Amino acid sequence: MSDATISFGQTTNRFGRNPSETIEQREEKPQPGVRAKTARELYFETKSSVSMEFPFWYTRRWEELEGEIPMVRRGEALKAGFEHLTPVIYPGELLVMGKASYLRGSYPLPWLSESFFMAAEDKLYKEALESGKLTADTFTTVGKGGGNVTKSIGNVISIAGKFGLRVEEVPVMLAVARKWKDKSVDDIGHKYEQLVPGYKEKEAIMRSVICMFDSGYTLPQGREVINYYYPLQFGIDGMIRICKEGIAESAGFPDMDRIYFYQSGLKVLEGIQKWILNYAAETAFLAKIETDEKQKTEYNEIHDRLTWISSKPPRTFHDALQVIWLFHVAVLNEDAISGLSPGRVGQVLYPFWQRDMKNGVIDKVRTVELLECMRMKFTELDCFASMGVVGGVLSGNTFNNLCLGGLKKDGSQASNELEMLILEAGIRCDTPQPTLSLLYDEKLPEEFLLKGVECTKIGTGYPAWVNNQVAMEFLMGNYAHEGMNLEEARAWSIGGCLESSPGSWMPLELDGEVHWIPGGSAPATSVGVHFLSLPKILETVLFDGLDLRTGERIFPSHGRKLENYKELWISFKEYFHRAVYVLTLTNNIQHDAWRKIAPSVVNSMLKPDCLKRGKDIGQMGSRYNTTFNIESTGTANLVNSLASLKHNVYDRKNFSLEEYREAIKANFGFKTAQETGSFSLVDQVATEEYHKWKRIHKMSLEAPKYGNDDSYVNDIMRDWENWFCTMGKDFRSLYDQPLYACQISVSTHGPMGAVTMATPDGRLCGTTFSDGSVSAYPGTDKNGPYALFNSATCWNHSLSQNSQLNMKIHPSVVKGREGSRKFLELIRSYLRKGGFHVQFNIVDSRMLKQAQEEPDKFRSLLVRVAGFTQYWVELGKQIQDEVIARTEYEEL
């Protein structure tokens, strides 16, 4: 037969009745206010841009202080960076300040890694490529629309397929980068990780993209919850006073490192003060030349606010909102950070808001306007990193997760009026950031839960629904040896897209009354082994340690004939264990280099108990430090593949294992995804050899599949989870603590699928893996949502830092008040079964297909990917195809 396009099932995978002929629109929603609408239109017209301002001044000051104590040198360099940031204020803004002078601005941090953003012909880049660190970049796609600068044009150079840099700044970038050659965290870590006996195996793992990326120099901070307590309670002058007192108490005593930490913090706070006052000076200048009286008044109000909070604690809710925003940006400016979550902001700021409401300082209309402005500021954030990280992991998202609900310190329900308004702002001003997560607890009021449903079902993708009790069980189990108890566990929140992060209750005193507010009290809770490809490891098992794509040996021969399922399973666990072992050792070295060369200062000053102990987070100054994990990708494909092999090879003996190997090599008679440009099983192109492999492929697809409440597959899933969630205790982090399981895909299922051959479950070469960790592979969940829930909860979710379930529901199913209640009952049923997390796309798949073909007509279309919401046009095709292919539920 000649090449032919074959669709497996329908163009869209569906459960339930067929939809109407016309594309179903999402429910109508109220529009944002004028300020937010104007800001969003400006955002849509803006491209992601690189500034060299901060790294230039940082590097200059760093060089001037050659020989200084490293921690103090770091603080002085950060101070120089903050002091020289050019202030830019846009008319109509109620919250000001940003990472850089561009609206969507960010900058490289060459002290972390100077090689990945160099030009392809540059020697630095070539060295990075040869080490395997950039293999993931090659197989990553970035969205072609929106604010991504995907190719160079005119006087703008494209970097990492996303960021634009002016041509005249390229020499500055290269000059600054070269100053960090052999001095950056990347280079120093790379130098010493080669001392690990299994280092060559580690690099082979990276080249094969069994592991997505190193974490020590790519994203050393993030996936955690910030703590705003100190600036809210003491103000910057108060924090400076704490540093000075710490120096006086420590000078001359044995633990001299405390002096250097406090001195570094003191310098950074001075830099932040100057940064704020530079903005205040800019508003004074703008007010002087402004002719519109309303705008002049607003500039003067901003000037007053910034001048006040540059030294003192906030006076009002508006002051407090500005304080938390500027400190959020300040933390982001000290490192390459993704997933710095604001946490339970509605509870943190509630005392200020409640007082202002009582005194008539603010009303609900003004509150929503401010919250909409906050959403736009968070949406403008960008994280500068390599293409493999920006596209293959983040999809351009920065994962600032704002959480709602949960419990108070005393165990009562924690939702409040301000959180209701946060949801309202999220409905009106539907933007990717901050994403919202609702910490579901049976104590939360029905009205609050229905407001969450209202927000989810208009198609924002948020809030995600997270099981408060399951998270608390995990935290008490993981951090008990560090003092975690039930009361403290209630202060938890989501860090990043879905990482359960420990928190603490902090005593905010306002008008003589103490309010216990929650905030993060641990460093990054998702550093460690960053994303292991489960299907790719299975591929190496089937081919005795070889990467079939490259022919390179990754692992030593396991020496088994794999004559029974037990041998297959043992071999998989051995290879997985080997990968974790060597990656943990090299990762520890990278993070040790990070804490010595570029330690956290700003974030450390905010986290309890760093200021009290006089230690940064790299020196375990935080209250909780068991924060290294092992991340996995492609769970459903692994489980389905094991089920297919068990069913077809070992139990039914339909095929030999050698026949499966040959079928995988032949891609079951199909062209690869790279050849067709289609990254799901929809619309794949068969070759003339298809007839040879049709039977084995058909039986692979028909083998038992995860997501249908089938005990045959559920048992395999349970075996995997029970082993994975406990094997982390075999390893020790840099902080001499055990590792734990983390099960999220983010966007890694795209590029990791791109480098993986066909798999025994019938998935084809180069196509995207299943998303999440307990999501079904698209089109394979045939028995409805409740069967999927039973499969997903066949194991104890509190054993893992998280689990991730993504679902797609047709808009007609959840329409109106009755639809909302039915939707809430669906969510409740899953969480009551013990599921940790569920999130939704409420969309007609035909709309996504149309948006893929005509992206310019759908600039504002939002979709939920895997732990985050993003504009459709800014997603790569690998992820777009996978979202389109997900099973669409037409009835519940």
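Definitions and limits used
- Residues numbered from 1 in each chain as written.
- Predicted model: local features only at pLDDT ≥ 70, side-chain atom pairs only at ≥ 80, totals over all residues.
- Heavy atoms only, no water.
- Helix = DSSP H or I, 4+ residues; strand = E, 2+ residues; numbered from the N terminus.
- Rg over C-alpha atoms; globule rule 2.2 N^0.38 Å.
- Buried < 20%, exposed > 50% of the residue type's maximum accessible area, 1.4 Å probe, protein only.
- Contact = heavy atoms within 4.5 Å.
- Areas by Shrake-Rupley, 256 points an atom, 1.4 Å probe, with all protein chains shown as cover.
- Lys, Arg positive; Asp, Glu negative; His and termini not counted.
- Charge placed at Lys NZ, Arg CZ, Asp CG, Glu CD.
- pLDDT = per-residue confidence, 0-100.
- Pairing = 2+ DSSP bridges.
- Axes fitted to C-alpha atoms, helices over the stretch in contact; angles between N-to-C directions.
- Core = buried A, V, L, I, M, F, W, Y, C linked by side-chain atoms within 4.5 Å.
- Phe/Tyr/Trp six-rings, centres within 6.5 Å; stacked < 30°, edge-to-face > 60°.
- Expected span 1.5 Å × (residues − 1).
- Polar contact = N/O pair within 3.5 Å; in protein donor to acceptor, adjacent residues only side chain to side chain.
- Salt bridge = Lys/Arg side-chain N within 4 Å of Asp/Glu carboxyl O.
- Parallel < 35°, antiparallel > 145°, perpendicular 65-115°, else oblique.
- Nonpolar A, V, L, I, M, F, W, Y, C, P; charged D, E, K, R; others polar.
- Arc of directions from axis to C-beta.
- Left-handed = near helix turned anticlockwise from the far one by under 90°.

### Comments concerning the overall build of the protein chain
Part 1 of the argument: If you tally the helices and strands in the protein chain, you get 34 helices and 24 strands.
Part 2 of the argument: Over its C-alpha atoms the protein chain spans a radius of gyration of 26 Å, differing by no more than 12% from the 29 Å that the globule rule assigns to 892 residues.
Part 3 of the argument: Its C-alpha atoms give the protein chain principal-axis dimensions of roughly 80 × 65 × 60 Å.
Part 4 of the argument: A total of 892 residues make up the protein chain; the buried ones form 69% of that total.
Part 5 of the argument: In the protein chain, 77% of the contacts between residues at least 6 apart in sequence involve partners at least 24 apart.
Part 6 of the argument: Looking at the protein chain as shown, the accessible area adds up to about 28800 Å², and 52% of this sits on carbon and sulfur atoms.
Part 7 of the argument: Charge-centre separation for the protein chain: the mean point of 102 positive side chains lies 1 Å from the mean point of 113 negative side chains.

### Observations concerning the confidence of the model for the protein chain
Part 1 of the argument: Per-chain confidence: the protein chain averages 91 in pLDDT, with 93% of residues scoring 70 or above.
Part 2 of the argument: Every residue in residues 137-144 is under pLDDT 50, and counting partners more than four places away or in other chains gives 34 contacts.

### Some remarks on the environment of Trp62
Part 1 of the argument: Note that Trp62 resides in helix 2 (residues 53-64).
Part 2 of the argument: Take Trp62: its relative accessible area is 11%, and that puts it in the buried class.
Part 3 of the argument: Along the primary structure Trp62 and His797 are separated by 735 residues, whereas in three dimensions their C-alpha atoms are 46 Å apart.

### Description of the sheet that holds strand 17 (residues 628-633)
Part 1 of the argument: Overall, parallel pairing links the three strands, which are arranged 16-17-19 in an open sheet. The sheet is open, and its two edges are formed by strand 16 (527-533) and strand 19 (740-742), each paired on a single side. Adjacent strand axes in the sheet meet at a mean angle of 25 degrees when their direction is disregarded.

### With respect to the nonpolar core
Part 1 of the argument: In this structure, Ile272, Leu349 and Phe576 are the most contacted members of the largest nonpolar core, which totals 261 residues.
Part 2 of the argument: If you look at the next biggest cluster of nonpolar residues, it comprises eight residues, including Met376, Leu862, Tyr871 and Val873.

### Quick look at the packing of aromatic side chains
Part 1 of the argument: Counted by the stated rule, this structure contains 39 aromatic pairs.
Part 2 of the argument: With a centroid separation of 5.5 Å and 85 degrees between ring planes, the pair formed by Phe576 and Trp720 is classed as edge-to-face. With a gap of 144 residues between them, Phe576 in helix 22 (residues 565-597) and Trp720 in helix 29 (residues 711-727) connect regions that are remote in the sequence. In this structure, Phe576 and Trp720 share a single accessibility class: buried.
Part 3 of the argument: An aromatic cluster is built from Trp569, Phe572, Phe576, Trp720, Trp723 and Phe724, whose rings are joined through pairwise contacts.

### Here we look at helix 29
Part 1 of the argument: Look at helix 29: 24 Å from first C-alpha to last across 17 residues, which is about the 24 Å you get at 1.5 Å a residue.
Part 2 of the argument: Restricting attention to buried positions, one finds in helix 29 the residues Val713, Asn714, Ile716, Met717, Trp720, Glu721, Trp723, Phe724, Cys725 and Met727.
Part 3 of the argument: Turning to helix 29, the residues buried within the fold contact helix 21 (534-542), helix 22, strand 17, helix 25 (635-651), strand 19 and helix 31 (785-792).
Part 4 of the argument: With a side-chain oxygen positioned 2.9 Å from the backbone nitrogen of Tyr712, the residue opening helix 29 is Asp710.

### Section: the pattern of salt bridges
Part 1 of the argument: By the definition in use, this model includes 62 salt bridges.
Part 2 of the argument: Across the salt bridge formed by Glu63 and Lys179, the nearest N and O atoms sit 3.5 Å from each other. Here Glu63, found in helix 2, pairs with Lys179, found in helix 6 (residues 170-179); they are 116 residues apart in sequence, far enough to count as distant.
Part 3 of the argument: Between Lys79 and Glu83 there is a salt bridge, and its shortest N-O distance comes to 3.9 Å. Placement of the pair is Lys79 and Glu83 together in helix 3 (residues 70-83), with a separation of four residues, close to one helical turn.
Part 4 of the argument: Salt bridges sharing common partners tie together Arg35, Glu298, Arg366 and Glu369.

### A few points about the side chain of Glu53
Part 1 of the argument: Inspection of the secondary structure assignment puts Glu53 in helix 2.
Part 2 of the argument: Of the side chains with opposite charge, Arg166 comes closest to the buried, unpaired Glu53, at an N-O distance of 8.5 Å.
Part 3 of the argument: If sequence neighbours within four positions are ignored, Glu53 has contacts with His84, Leu85, Thr86 and Ser101.

### Observations concerning the pairing of strand 7 (residues 221-225)
Part 1 of the argument: Among the five residues that make up strand 7, five are buried, leaving the element largely enclosed by the rest of the structure.
Part 2 of the argument: Alignment of strand 7 against strand 8 (residues 337-341), held across four bridges, turns out to be parallel. Each bridged residue has a counterpart across the sheet, and for Gly222 the counterpart in strand 8 is Ser338.

### Overview of the packing of helix 18 (residues 446-460) against helix 32 (residues 816-832)
How two helices sit against one another is set out by the angle between their axes and by the gap between those axes.
Part 1 of the argument: It is at 9 Å that the axes of helix 18 and helix 32 come closest, and there the two elements cross at 100 degrees. Overall, the two elements helix 18 and helix 32 adopt an arrangement that is roughly perpendicular. Residues Glu446, Leu449, Leu450, Val453, Thr456 and Lys457 of helix 18 touch helix 32, and the partners they reach there are Gly816, Arg817, Ser820, Arg821, Phe823, Leu824, Ile827 and Arg828.
Part 2 of the argument: Tallied by class, the residues present in the contact of helix 18 with helix 32 amount to six nonpolar, three polar and five charged.

### Observations concerning the side chain of Arg859
Part 1 of the argument: For Arg859, the location among the structural elements is in the loop between helix 33 (845-853) and strand 22 (862-864).
Part 2 of the argument: A distance of 3.1 Å separates the side chain of Arg859 from the side chain of Glu874, its partner in a polar contact.

### Points about the environment of Trp111
Part 1 of the argument: Tracing the backbone shows Trp111 in the loop between strand 4 (105-106) and helix 4 (123-130).
Part 2 of the argument: Overall, Trp111 belongs to the buried group, its relative accessible area being 0%.
Part 3 of the argument: Here the alpha-carbon distance between Trp111 and Asp187, two residues 76 residues apart in the chain, equals 9.4 Å.
Part 4 of the argument: In this structure, Trp111 is in contact with Phe54, Pro55, Tyr58, Thr59, Arg74, Trp180, Ser184, Val185, Glu334, Ile597 and Ala598, ignoring residues within four places of it in sequence.

### With respect to helix 33
Part 1 of the argument: Among the residues of helix 33, those classed as buried are Ser845, Met847, Leu848, Ala851 and Gln852. Summarising the axial view, the buried residues of helix 33 lie within an arc of 155 degrees, below the 170-degree limit, and thus occupy one face.

### What to know about unusual backbone geometry
Part 1 of the argument: Cis peptide bonds are those with omega within 30 degrees of zero, and the linkage from Gln433 to Pro434 qualifies with -15 degrees.
Part 2 of the argument: For Pro434, the position within the fold is in the loop between helix 17 (417-428) and strand 10 (435-440).
Part 3 of the argument: Backbone torsion omega between Pro608 and Asp609 reads 10 degrees, so that peptide bond is classified as cis.
Part 4 of the argument: Looking at where Asp609 falls in the secondary structure, it is placed in the loop between helix 23 (602-606) and helix 24 (610-613).
Part 5 of the argument: At Asp182, a residue that is not glycine, the phi angle is positive and equals roughly 70 degrees.
Part 6 of the argument: Locating Asp182 in the fold gives a position in the loop between helix 6 and helix 7 (185-193).
Part 7 of the argument: Its identity is not glycine, yet Leu562 carries a phi of approximately 55 degrees, on the positive side.
Part 8 of the argument: Here Leu562 is to be found in the loop between helix 21 and helix 22.

### Some thoughts on the packing of helix 17 against helix 18
Part 1 of the argument: In the contact formed by helix 17 and helix 18, the axes pass within 9 Å of each other and the chain directions differ by 15 degrees. Here helix 18 runs roughly parallel to helix 17, going by the angle between their axes. Seen from above, helix 17 lies across helix 18 with left-handed handedness. For the pair helix 17 and helix 18, the contacting residues are Glu419, Met420, Leu423, Glu424, Gly426 and Ile427 in the first and Glu447, Phe448, Lys451, Gly452, Glu454, Cys455, Ile458 and Thr460 in the second.
Part 2 of the argument: Looking at the contact of helix 17 with helix 18 residue by residue, the class counts come to six nonpolar, three polar and five charged.

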